[in-house]
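# Fold and contact review
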Amino acid sequence: MTLKLHTIICSTRPGRVGPPVANWFHELAVLDGKFDAVLVDLAEFNLPVYDEPEHPIRQNYHHAHTKKWAASVNAADAYVFVTPEYNFGPPPSLLNALNYVYKEWNYKPAGIVSYGGVSGGMRSALIEKLTLTTLKMMPMVEAVTVQNVSSHLDDNENFLPGEHHKNSGATLLNELYKWAQALKTMRE
């Protein structure tokens, strides 16, 4: 059975740059062919600030939005978070979504495609990795970092990757696949 990779657009704000970057990475994953690649837009789940009355470790979800999100997270064997940097950290929408569920994340690898200004979102990625390890996920060392993201968008808002983005993306997919195969045995 093919392993499933969810590429998650983490920003939910109007005017976000995440979709073109995520579309590019998703297409790269589809062409790579190792995973059954699925593009997931966090904005479509419309998660409010965490509002479940019970701790997520119990998986006794009360709200439809949580059940829908939990099913999506549970369906994947690996993740790539396409994330901006907000004030040197991850977007609140991502941290909120990560905290909504727990066991659904456990023993799965995660890659990060970060974007921003000069730092390319690397500070955000670093902080995200702390949260991912607490959810018993394995964050990859390999990553894609997009510096000065606006300079990589054409007039139609399509992402124009450089060679280093393509090479970094291919390396990330290879590592995710190795880890996804290995960690699947821990979940069985």
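Above this note sits the structure.
Throughout what follows, the structure given in this document is the object of discussion. (Residues numbered from 1 in each chain as written. Predicted model: local features only at pLDDT ≥ 70, side-chain atom pairs only at ≥ 80, totals over all residues. Heavy atoms only, no water.)

## Concerning the layout of surface pockets
Put simply, the largest pocket is a space of about 160 Å³. For the largest pocket, the full set of lining residues is Thr12, Leu42, Ala43, Asn46, Leu47, Pro48, Val49, Pro92, Ser93, Asn96 and Ala97. Of the residues assigned to the lining of the largest pocket, the class counts are seven nonpolar, four polar and no charged. (1 Å grid on protein atoms, 1.4 Å probe; cavity = no way out; pocket = protein on both sides within 12 Å on 5 of 7 lines; lining within 4 Å. Points joined across faces, edges and corners; volume = space filled by probe spheres on them. Nonpolar A, V, L, I, M, F, W, Y, C, P; charged D, E, K, R; others polar.)

## Re the environment of Tyr79
Its location among the elements puts Tyr79 in strand E3 (residues 78-84). For the pair Tyr79 and Val38, spaced 41 residues apart in sequence, the C-alpha separation works out to 9.6 Å. Excluding anything up to four places from it in sequence, Tyr79 contacts Leu5, His6, Ile8, Val73, Glu104, Trp105, Lys108, Pro109, Ala110, Gly111, Met137 and Leu176. (Helix = DSSP H or I, 4+ residues; strand = E, 2+ residues; numbered from the N terminus. Contact = heavy atoms within 4.5 Å.)

## Focus on helix H2 (residues 64-75)
When the terminal C-alpha atoms of H2 are compared, their 17 Å separation across 12 residues agrees well with the 16 Å that a helix rising 1.5 Å per residue should span. Listing the buried residues of H2 in full gives Thr66, Trp69, Ala70, Ser72 and Val73. The buried residues of H2 occupy one face: seen down the axis, they fall within an arc of 165°. Against the buried residues of H2 lie strand E1 (4-9), strand E2 (36-41), E3 and helix H3 (92-100). (Expected span 1.5 Å × (residues − 1). Buried < 20%, exposed > 50% of the residue type's maximum accessible area, 1.4 Å probe, protein only. Arc of directions from axis to C-beta.)

## Considerations on the packing of aromatic side chains
Following the criterion strictly, the structure yields nine aromatic pairs and no others. A ring pair is formed by Trp24 and Phe25, whose centres lie 6.0 Å apart and whose planes are at 70°; its orientation type is edge-to-face. Comparing Trp24 with Phe25, the two get one shared label, buried. Seen from their ring centres, Phe45 and Trp69 are 4.9 Å apart, and the 75° between their planes marks the pair as edge-to-face. You can see Phe45 sitting in the loop between E2 and H2 and its partner Trp69 sitting in helix H2, a full 24 residues away along the chain. Overall, the relative accessible area of 1% leaves Trp69 in the buried class. (Phe/Tyr/Trp six-rings, centres within 6.5 Å; stacked < 30°, edge-to-face > 60°.)

## Thoughts on the environment of Gly120
Note on placement: Gly120 falls in the loop between strand E4 (109-115) and helix H4 (122-134). Exposure remark for Gly120: the relative accessible area of 0% places this residue in the buried category. A sequence separation of 24 residues divides Gly120 from Val144, and the C-alpha atoms of the two residues are 9.0 Å apart. Once residues lying within four places of it in the same chain are set aside, the contact partners of Gly120 are Ser114, Tyr115, Thr145, Val146 and Gln147.

## With respect to unusual backbone geometry
Phi is positive for Asn87, close to 50°, though the residue is something other than glycine. Structurally, the position occupied by Asn87 is in the loop between E3 and H3. Asn87 sits in the exposed class, given a relative accessible area of 78%. Positive phi outside glycine occurs at Tyr107, with the angle close to 60°. Looking at the secondary structure, you find Tyr107 in the loop between H3 and E4.

Nothing here speaks to function; it is geometry throughout.
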